[in-house]
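Here's the letter readout for the chains.
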Amino acid sequence: MAGPGPPPSRYRSRAILVYAALGRADALQRVQVIMPEFSARPTVDNEDYLAILRFLYAEAALLDRRAFQHWFALLTEDIRYQVTTVVARPAQDETSRIAIVDEDNHSLKMRVDQISDPGLTHAENPPSLTQRIVSNVEAYYGEQNGIFETTSNILLYANRTGSSETGLYAGQRQDVLIRDHTGFKIAERTVNLAQTVLHDSTLSVLL
Amino acid sequence: MKSDATGWVDKERGLVSREAFVSEEVYQLEIERIFNRSWIYLGHETEIPAVGDYVVRNLGNAPVIVVRDTPDSVKVLLNSCRHRGAKLCRADAGNTKNFVCPFHGWAYEIDGALRTTGFDHHFRDDTDFSAMGLIPAPNVESFHGLVFACWDKDAVPLRDYLGDIGWYLETFFKRTPGGMEVLAPPHRWRTKANWKIGSLNFIGDSQHSPTTHIGPSTLDAARTIRDGFRKHGQDSFHVVTDEGHGCTLTYLAPGMPEKNYLTHPEALKPLYEESLNTDQVSMLHHLRVCVGTIFPNMSFIESQAGAGEKALIIRLWHPVSGTEMEVLSWVFAEKEADQGYKDRVLRNGFHNFGAAGVFE
């Protein structure tokens, strides 16, 4: 962190309170060490939080209902969509992640078109039955007006009906949302899965 | 249960029983007779560039540590302590000065030699600690960066094992002076299928492509049109070597312009000519796709990936049981290529052939 000290923020003071409540004298330092991915930006107010929560729930429902093209319309033209897994390294090393999905608008559109068309997909025909839980949502004001950074957890159950395989994917999502007069759009999504090896064949569902 | 393999294969009629693709008995025989006797691909030297770098892989059904013990050599060590058999390395990859067993603290040098048990004085005076190092694979060789190992101490040299397929492998893995490099750790996924499905699919099954991969071939219109994939048909050769390896070479159809190099950086073209002979350069120049298998379970493919790159992929079909395999997938590019090109090859290569690949 550059400068004499971190700027004051509602998030940080809140986190200190949490850790102080747990009796941690080194609260601030520990928050920074344990949760480096947490934004130092201010958390959004309740009205914005509710709007973001509703957007994320509606978006999740579109994916579970397999309304992939409607879902795709919620992405910006410069979308970056990534899913990562972990390379297990010794605990003293930094966490090492590799992108198993790394898409821009064009390549993600291909993926969406493929699973939308029964004639073009084998992995999703018959369709996976998915049920996703989106939870632990936190949201922060971004650098500019109308830009939000959110973190959320996702647990996705995916039942491949044509086979005996059932996928369970747990991950933390880091999104950048942009709000204009039409509502929210997703500009960036990174899904960090808590997995090193996928255990149910390849990933053919969106997270 | 059959007592031997008779009846699983009908050579006369060219038939193989479905049993061979699910049976645990066949799987056990394959481990014993194929995976414990053949040269098995374990990884690429560029995954472990520095002394002490290691990755954990499987040689047959035995977990092994593949470690760079000196700047110029790689050791393959059974990932099991000589004391009580505990697993030494629980990570997938790392860098270390020693391997220390988490059970009683036996410590080994990175070349596998036992450094100390921690209680050496408890052993008899005539104990030969030098014989208590980690069990090494007796044969480890590298072919242009591709690291293979073999449990059979009497194995033929790797170059002889590869035989004529080496000429083709060279074209892909030694086509510039710097050679190829792995662009990211491998994608890994388990799938409930026999390992032979993968090997066979890559060694000689071009007919699956239009059906299985109808999604990407329909949606990636740029590629389809450029390659004349549909309009001009294909001009393919199937190569099978005496050693049981093979590949399919799909050339640009007659009349199609020679524009293969458009998908490789122009800067690399002179390097290809420097490193390969004229026949190899000519083959590379005309190839649209090359896909093949090194017996038993290493496959490779170079094909168009995205709008402007080719991606070179290695696949390993690791047999977990008769009915399950773990697939590892690596993407390669020339060391000399610029970073932007490597980034695109990595993205597009895994978009097609990764753990969430649209070709899968």
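Refer to the structure presented above.
Residues numbered from 1 in each chain as written. Chains lettered and ligands numbered in written order. Predicted model: local features only at pLDDT ≥ 70, side-chain atom pairs only at ≥ 80, totals over all residues. Heavy atoms only, no water.

A.B. asks: Sorry, what's going on with the overall build of chain A here?
C.D. replies: The number of helices and strands found in chain A is five helices and six strands. Helices and strands appear in chain A in the N-to-C order α-α-α-α-β-β-α-β-β-β-β. Residue burial in chain A is summarised as follows: out of 207 residues, 47% are buried. Residue pairs at least 24 apart in sequence account for 60% of intrachain contacts in chain A once pairs closer than 6 positions are excluded. Working note: accessible area of chain A is about 10600 Å², and carbon and sulfur atoms make up 54% of it. (Helix = DSSP H or I, 4+ residues; strand = E, 2+ residues; numbered from the N terminus. Buried < 20%, exposed > 50% of the residue type's maximum accessible area, 1.4 Å probe, protein only. Contact = heavy atoms within 4.5 Å. Areas by Shrake-Rupley, 256 points an atom, 1.4 Å probe, with all protein chains shown as cover.)

A.B. asks: So what exactly am I meant to see when it comes to the interface of chain B and chain A here?
C.D. replies: For interface size, the figure often reported is the accessible area lost on association. Listed as interface residues are 31 residues of chain B and, on the opposing side, 30 residues of chain A. Across the interface of chain B and chain A, roughly 2600 Å² is buried in total on both sides, 57% from carbon and sulfur atoms. Connecting chain B to chain A are two salt bridges. Salt-bridge contacts for Asp104 of chain A lead to Arg347 of chain B; the nearest nitrogen and oxygen are separated by 3.6 Å. (Buried area = accessible area lost by both parts, 1.4 Å probe. Salt bridge = Lys/Arg side-chain N within 4 Å of Asp/Glu carboxyl O.)

A.B. asks: Looking at this model, I keep getting lost on unusual backbone geometry. Mind explaining?
C.D. replies: The bulk of non-glycine residues show a negative phi, and the bulk of peptide bonds are trans. That bond from Asn125 of chain A to Pro126 of chain A is cis: its omega, 0°, falls within 30 degrees of zero. Along the chain, the position of Pro126 of chain A falls in the loop between α5 (105–116) and β3 (129–141). Following Phe295 of chain B, the chain continues into Pro296 of chain B via a peptide bond in cis, with omega recorded as 0°. Along the chain, the position of Pro296 of chain B falls in the loop between β17 (287–294) and β18 (298–305). Backbone geometry at Arg66 of chain A places phi at a positive 60°, although glycine is not the residue there. Structurally, Arg66 of chain A is set in the loop between α3 (46–64) and α4 (68–72). When its relative accessible area of 24% is taken as the criterion, Arg66 of chain A is described as partly exposed. For His144 of chain B, which is not glycine, the phi dihedral falls at a positive 50°. Among the secondary structure elements, His144 of chain B is positioned in the loop between β11 (139–143) and β12 (146–150).

A.B. asks: Any chance you could explain α5 of chain A here in plain terms?
C.D. replies: In an α-helix, one full turn covers 3.6 residues, which means residues spaced three or four apart are oriented alike. Look at α5 of chain A: 16 Å from first C-alpha to last across 12 residues, which is about the 16 Å you get at 1.5 Å a residue. Of all the positions in α5 of chain A, only Ser107, Leu108, Met110, Arg111, Val112, Asp113, Gln114 and Ile115 of chain A are classed as buried. Looking at the buried residues of α5 of chain A, the elements they touch are α4, β1 (75–87) and β2 (96–103) of chain A together with α6 (214–219) and α10 (339–353) of chain B. For α5 of chain A, the capping residue at the N-terminal end is Asp104 of chain A, with a side-chain oxygen 3.2 Å from the backbone nitrogen of His106 of chain A. (Expected span 1.5 Å × (residues − 1). Polar contact = N/O pair within 3.5 Å; in protein donor to acceptor, adjacent residues only side chain to side chain.)

A.B. asks: Would you mind going over the side chain of Asp92 of chain B with me for this structure?
C.D. replies: Tracing the backbone shows Asp92 of chain B in the loop between β6 (73–78) and β7 (93–95). The buried category is assigned to Asp92 of chain B, whose relative accessible area is 18%. Sequence-distant contacts of Asp92 of chain B, that is, excluding residues within four places in its chain, are made with Val87, Ala88 and Thr196 of chain A together with Tyr54, Val55, Val56 and Arg188 of chain B.

A.B. asks: Explain the nonpolar core here, please?
C.D. replies: Generally speaking, a soluble globular protein has its nonpolar side chains buried in company with each other. Of all hydrophobic cores here, the largest spans 120 residues; its most connected members are Leu203 and Leu207 of chain A together with Leu169 of chain B. Listed in part, the 18 residues of the second largest apolar core include Tyr54, Val67, Cys101 and Trp106 of chain B. (Core = buried A, V, L, I, M, F, W, Y, C linked by side-chain atoms within 4.5 Å.)

A.B. asks: It is not clear to me how a nonpolar patch on the surface should be interpreted in this structure. Could you clarify?
C.D. replies: On the surface, a cluster of nonpolar side chains totalling about 380 Å² of accessible area is made up of Ile133, Leu155, Tyr157 and Leu168 of chain A. In this structure, Ile133 of chain A sits in strand β3. (Patch = residues over 30% accessible without salt bridge, like charges linked within 9 Å, V, L, I, M, F, W, Y side chains within 5 Å.)

A.B. asks: How do you make sense of the packing of helix α3 (residues 165–173) of chain B against helix α9 (residues 278–286) of chain B when you look at a structure like this?
C.D. replies: Packed helix pairs are characterised by how far apart their axes lie and by the angle those axes make with each other. Residues and elements named next belong to chain B. Two numbers describe how α3 lies on α9: the axes approach to 10 Å, and their chain directions differ by 65°. It follows from the interaxial angle that α3 and α9 lie roughly perpendicular. In the crossing of α3 with α9, the sense of the turn from one axis to the other is right-handed. Along the contact surface, α3 presents Trp167, Tyr168, Glu170, Thr171 and Phe172, while α9 presents Asp279, Gln280, Met283 and Leu284. Grouping the amino acids of the contact of α3 with α9 by side-chain chemistry returns five nonpolar, two polar and two charged. (Axes fitted to C-alpha atoms, helices over the stretch in contact; angles between N-to-C directions. Parallel < 35°, antiparallel > 145°, perpendicular 65-115°, else oblique. Left-handed = near helix turned anticlockwise from the far one by under 90°. Nonpolar A, V, L, I, M, F, W, Y, C, P; charged D, E, K, R; others polar.)

A.B. asks: What exactly am I supposed to notice about the environment of Ser135 of chain A here?
C.D. replies: Assignment of secondary structure puts Ser135 of chain A in strand β3. If we skip the residues at most four places from it in the chain, Ser135 of chain A touches Ser152 and Asn153 of chain A.

A.B. asks: For this particular structure, what's the right way to read the pattern of salt bridges?
C.D. replies: Oppositely charged side chains are able to pair whenever their charged atoms sit close together. Counted by the stated rule, this structure contains 26 salt bridges over all chains. Ionic pairing is found between Asp64 of chain A and Arg132 of chain A, a salt bridge with its closest N-O pair at 2.9 Å. Remark: Arg132 of chain A occurs in strand β3 and Asp64 of chain A occurs in helix α3; sequence separation between them is 68 residues. Arg132 of chain A shares its class with Asp64 of chain A; the two are buried. Ionic pairing is found between Lys75 of chain B and Asp69 of chain B, a salt bridge with its closest N-O pair at 3.1 Å. Three or more residues joined by partner-sharing salt bridges are found here, namely Arg80, Asp102 and Asp104 of chain A together with Arg347 of chain B.

A.B. asks: What is the right way to read the sheet that holds β11 of chain B from this model?
C.D. replies: Strand pairs in the sheet, formed through backbone hydrogen bonds, run parallel or antiparallel to each other. Residues and elements named next belong to chain B. Pairing within the open sheet is antiparallel, and its three strands lie in the order β3-β12-β11. Since the sheet does not close on itself, it has two edges, and those belong to β3 (40–44) and β11, each with one partner. On average, each strand axis in the sheet is tilted by 30° relative to the strand beside it, whichever way the strands run. (Pairing = 2+ DSSP bridges.)

A.B. asks: Got a minute to help me understand the packing of aromatic side chains in this structure?
C.D. replies: By convention here, two paired aromatic rings are described through the distance between centres and the angle between planes. Scanning all chains against the criterion turns up 17 aromatic pairs over all chains. With a centroid separation of 5.6 Å and 50° between ring planes, the pair formed by Phe55 of chain A and Phe184 of chain A is classed as tilted. Residue Phe55 of chain A is located in helix α3, and its partner Phe184 of chain A is located in strand β6 (residues 183–193); the two are separated by 129 residues in the primary sequence. The burial state of Phe55 of chain A is the same as that of Phe184 of chain A; both residues are buried. Aromatic side chains Phe35 of chain B and Trp195 of chain B sit 4.8 Å apart centroid to centroid with 80° between the ring planes, which places their arrangement in the edge-to-face category. Highlighted residues: Phe35 of chain B in helix α1 (residues 24–35) and Trp195 of chain B in helix α4 (residues 195–204), separated in sequence by 160 residues. Each member of the pair, Phe35 of chain B together with Trp195 of chain B, is buried. An aromatic cluster is defined as three or more aromatic residues linked by ring pairs; in this entry it consists of Phe55, Tyr141, Phe148 and Phe184 of chain A. Across from the ring centre of Phe72 of chain A, 5.9 Å away, lies the NZ or CZ of Lys109 of chain A, which sits over that ring. (Phe/Tyr/Trp six-rings, centres within 6.5 Å; stacked < 30°, edge-to-face > 60°. Lys NZ or Arg CZ within 6 Å of the ring centre and 35° of its normal.)

The quantities given are spatial measurements derived from coordinates; they are silent on function.
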